[in-house]
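Remarks on the overall topology
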Amino acid sequence: MPTHYDGTPAERRALDAFIKLSRAAETASTRINAHLHQHDLTISQFGVLEALYHLGPLQPSELAAKILTSTANLTTVLDNLERRHLVERHRRTDDRRRLDVHLTDAGHALVHRLLPDHVRGVVAFFDVLTAEEQKQLVHLCRAVGTQ
């Protein structure tokens, strides 16, 4: 549904683009991440596990930036993942004020098991677009996301 705001054409166009982008992002997230519920994982928890799986140990501030959450929220996410023995926090030997978050063997195994289905879900979701349209979407999202 387009905006009902009675503004200038530029305002209405921008608001309409924002509404469509927000709805598309929410739909993508809901559909692609639906399988996580079966494994008692939140999107943020899976984001942490996936980041550690691909990048190795990271500091909490780096993880928060990677999954686009606050460090306060990340603390809760890490507490829950640690309780399930999927991650561990280790003090750094070179600077005891800092710590790194590590994926446990159980966490690694879980991501390794979930990732192929997750990727298939992403591919299936975007299959409605041609390869060229997907490239264009990436370009447009980068343009609005880096301002």
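These remarks concern the structure in this document.

**Concerning the layout of surface pockets**
Size it by volume and the largest pocket reaches roughly 1000 Å³. Along the walls of the largest pocket sit 27 residues, with Ala-25, Ala-28, Ser-29, Ile-32 and Phe-126 positioned nearest its centre. Among the secondary structure elements, those contributing two or more residues to the lining of the largest pocket are helix H1 (9-32), helix H2 (43-55), helix H5 (105-126) and helix H6 (131-145). The class makeup of the residues in the lining of the largest pocket is 18 nonpolar, 6 polar and 3 charged.

**Thoughts on the packing of aromatic side chains**
This model, assessed by the stated rule, comprises 1 aromatic pair. Each ring, one from Phe-125 and one from Phe-126, has its centre 5.1 Å from the other, and the planes form 80°; the classification is edge-to-face.

**Remarks on the pattern of salt bridges**
In the structure shown here, the tally under the stated rule is 7 salt bridges. The closest approach of N and O atoms between Arg-89 and Glu-82, which form a salt bridge, is 2.8 Å. Accessibility expressed as a relative area gives 26% for Glu-82, which makes it partly exposed. Where Asp-100 meets Arg-92, a salt bridge forms, and the shortest distance between an N and an O atom there is 3.8 Å. Residue Asp-100 is classed as buried on the basis of its relative accessible area, which comes to 16%. Linked by salt bridges that have partners in common, Asp-79, Glu-82 and Arg-89 make up one network.

**Structural notes on unusual backbone geometry**
Positive phi values are uncommon outside glycine, yet Leu-68 reaches one of about 60°. Structurally, Leu-68 can be placed in the loop between helix H3 (60-66) and helix H4 (71-83). A residue is classified by how much of its surface remains accessible, and Leu-68, at 77% relative accessible area, is exposed. Positive phi, normally seen in glycine, also occurs at His-85, with a value near 60°. One can find His-85 in the loop between H4 and strand S1 (87-91). Under the relative-accessibility criterion, His-85 is labelled exposed at 58%.

Cut-offs and rules
Residues numbered from 1 in each chain as written. Predicted model: local features only at pLDDT ≥ 70, side-chain atom pairs only at ≥ 80, totals over all residues. Heavy atoms only, no water. 1 Å grid on protein atoms, 1.4 Å probe; cavity = no way out; pocket = protein on both sides within 12 Å on 5 of 7 lines; lining within 4 Å. Points joined across faces, edges and corners; volume = space filled by probe spheres on them. Helix = DSSP H or I, 4+ residues; strand = E, 2+ residues; numbered from the N terminus. Nonpolar A, V, L, I, M, F, W, Y, C, P; charged D, E, K, R; others polar. Phe/Tyr/Trp six-rings, centres within 6.5 Å; stacked < 30°, edge-to-face > 60°. Salt bridge = Lys/Arg side-chain N within 4 Å of Asp/Glu carboxyl O. Buried < 20%, exposed > 50% of the residue type's maximum accessible area, 1.4 Å probe, protein only.

On their own, these measurements won't tell you what the molecule is for.
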